[in-house]
Amino acid sequence: MEIPIENREIAFLLADDHSIVRQGMEIVINDIAPNAKIYHTSSLQQAVELVESKGIEMAIIDAHFPEGNSLHVLPQLKSANPDIKILIFTGLEEDLYALKFIKAGANGYLSKLSEEEEVRQAVLNFIQKGEYFSDVSRNLLVQFIYNPDLISPLSRLTKRELQIAELYADGYGNLEIANNLNIKQNTVSTIKKNIFEKLKIDNLVELIDLIKTHHKI
């Protein structure tokens, strides 16, 4: 008879640059699967190494690390172990980012803003079924079938707007962008206003973050 997954010695990886998050998650996992073997890391590079060397079966990973976002390492983790199950546990807005991570290979997406009971239920689901999709993620996946643009908010931008957004993200100012593209400075300002409205953002910091997350991977 097969051992129930809760009693198996699952090799688990917790990757988050905040140790308190990892410790909290370890308590939840130990409660559900007391025999789990849990590895911790605060670095993406080490996450890949641990999956390669420790036969990690399940991983709970943050979306953002000081060295960048974890989106680009998901394929590396999957290639190190094609059967690995990955749950993204993050503070990033689910409606903006969940699809992006699921498309890159994640088996679920859980918000750090969730209530404790929801986190427990999500981890239980993840351990038992190898996946966890909240109602928000499920709705997004259904919408995505009808509208593939959903995967990146940047797809709302025209080609010219995206070009200018990238230049802002690279540190150029209005005047430099105007000279670079041979257009008037007030045209650049107008386009910037359109970009902010379409992406529902208020400042360049948010724009740079969006470009980094959805474009510069």
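In every chain, residue numbers begin from 1 and rise along the written sequence. Only residues with pLDDT of 70 or above have their local features reported here, since the model is predicted, and side-chain atom pairs are shown and tallied only from 80 upward, although totals for entire chains, interfaces and linings are computed over all residues. Only hydrogens and water are removed before side-chain values are computed, so all heavy atoms of the structure are retained for them.

## Here's the deal with the overall build of the chain
Filter applied, for reference: A run of H or I in DSSP counts as a helix once it spans at least four residues, and a run of E counts as a strand once it spans at least two, with each numbered from the N terminus. Buried residues are those whose accessible area, probed at 1.4 Å on protein chains only, stays under 20% of the maximum for their type, while exposed residues exceed 50% and partly exposed ones sit between those limits. Note on definitions: a residue-residue contact is assigned when non-hydrogen atoms from the two residues lie within 4.5 Å. For the accessible areas, the method is Shrake-Rupley and the probe is 1.4 Å, while residue cover comes only from the protein chains on display.
Along its length, the chain carries 10 helices and 8 strands. In terms of overall dimensions, the chain has C-alpha extents of about 70 × 35 × 30 Å along its principal axes. For the chain, the proportion of its 217 residues judged to be buried stands at 45%. Restricting the contact set of the chain to residue pairs at least 6 apart, pairs at least 24 apart contribute 66%. A total accessible area of about 11500 Å² is found for the chain, and carbon and sulfur atoms account for 50% of it.

## Concerning the sheet that holds strand β1 (residues 11-15)
Two pairing modes exist for strands in a sheet, parallel and antiparallel, and in both the strands are linked by backbone hydrogen bonds. Heads up, the condition is: Any two strands are treated as partners once DSSP identifies two or more bridges connecting them. All axes are obtained by fitting lines to C-alpha atoms, using only the stretch in contact for helices, and the reported angles, taken between N-to-C directions, cover 0 to 180 degrees.
Read from one edge to the other, the open sheet built from 6 strands follows the order β2-β1-β3-β6-β7-β8, with strand pairing classed as parallel. Looking at the sheet topology across the chains shown, the edges are occupied by β2 (37-41) and β8 (132-133). Pairing of strand β7 (residues 108-111) with β8 involves 2 bridges; the strand directions are parallel. Across the sheet, the residue bridging to Gly108 is Tyr132, located in β8. Sheet strands in contact with helix α4 (residues 94-103) are β6 (85-90), β7 and β8, and its direction is about 155° off that of β7.

## Digging into helix α9 (residues 185-199)
What counts is decided by this rule: In this analysis, the expected span of each helix is defined as 1.5 Å times one less than the number of residues it contains.
The first and last C-alpha atoms of α9 sit 21 Å apart over 15 residues, in line with the 21 Å expected at 1.5 Å per residue. The elements touched by buried residues of α9 are α7 (159-169), α8 (174-181) and α10 (204-214). Count one or two residues on from α9 and you reach Lys200, which has phi positive near 55°.

## Focus: the confidence of the model for the chain
Heads up, the rule is: Note: pLDDT gives the predictor's confidence per residue, expressed from 0 to 100.
Looking at the chain as a whole, the pLDDT averages 90, with 96% of positions reaching at least 70. Mean pLDDT in the chain bottoms out at α10, which sits at 83, and peaks at strand β3 (residues 58-61), which reaches 98.

## As for the nonpolar core
Selection criterion: Note on terminology: a nonpolar core comprises buried Ala, Val, Leu, Ile, Met, Phe, Trp, Tyr and Cys residues joined through side-chain atoms within 4.5 Å.
By size, the foremost hydrophobic cluster in this structure holds 50 residues, and its most contacted members are Ile88, Phe101, Ile195 and Leu207. Not counting residues up to four positions away in its chain, the partners in contact with Leu207 are Ala165, Tyr168, Ile195, Phe196, Leu199 and Ile201. In this structure, Val28, Ile32, Val119 and Tyr132 belong to the second largest nonpolar core, which totals 22 residues.

## Here we look at the packing of α9 against α10
As a reminder, the rule being used: Roughly parallel means an angle under 35 degrees; roughly antiparallel, over 145; roughly perpendicular, 65 to 115; everything else is oblique. In this scheme the crossing of two helices becomes right-handed for a clockwise turn of the near helix relative to the far one and left-handed for an anticlockwise turn of less than a right angle. Side-chain classes are defined by residue name, with Ala, Val, Leu, Ile, Met, Phe, Trp, Tyr, Cys and Pro counting as nonpolar, Asp, Glu, Lys and Arg as charged, and the others, Gly among them, as polar.
Contact geometry for α9 and α10: axes closest at 11 Å, N-to-C directions at 70°. One finds that α9 runs roughly perpendicular with respect to α10. Where α9 crosses over α10, the two elements pack in a sense that is left-handed. Contact with α9, carried on its side by Lys192, Ile195, Phe196 and Leu199, involves Leu204, Leu207 and Leu210 of α10 and no other residues of that element. Of the residues belonging to the contact of α9 with α10, the class tally is 6 nonpolar, no polar and 1 charged.

## Considering the packing of aromatic side chains
So the rule is basically this: Ring pairs shown here join Phe, Tyr and Trp side chains whose ring centres sit within 6.5 Å, with only the six-membered ring taken for Trp; geometry is labelled stacked below 30 degrees between planes, edge-to-face above 60, and tilted in between.
If you walk through the whole model with that rule in mind, you get 2 aromatic pairs. Considering the side-chain rings of Phe12 and Phe126, the 6.4 Å spacing of their centres and the 65° angle between planes classify their relative orientation as edge-to-face. Residue Phe12 is found in strand β1, and its partner Phe126 is found in helix α5 (residues 116-129); the two are separated by 114 residues along the sequence. Each member of the pair, Phe12 as well as Phe126, is classed as buried. Ring centres 6.1 Å apart and planes at 50° place the aromatic pair Phe101 and Tyr109 in the tilted group. As far as the burial class goes, Phe101 and Tyr109 line up, both buried.

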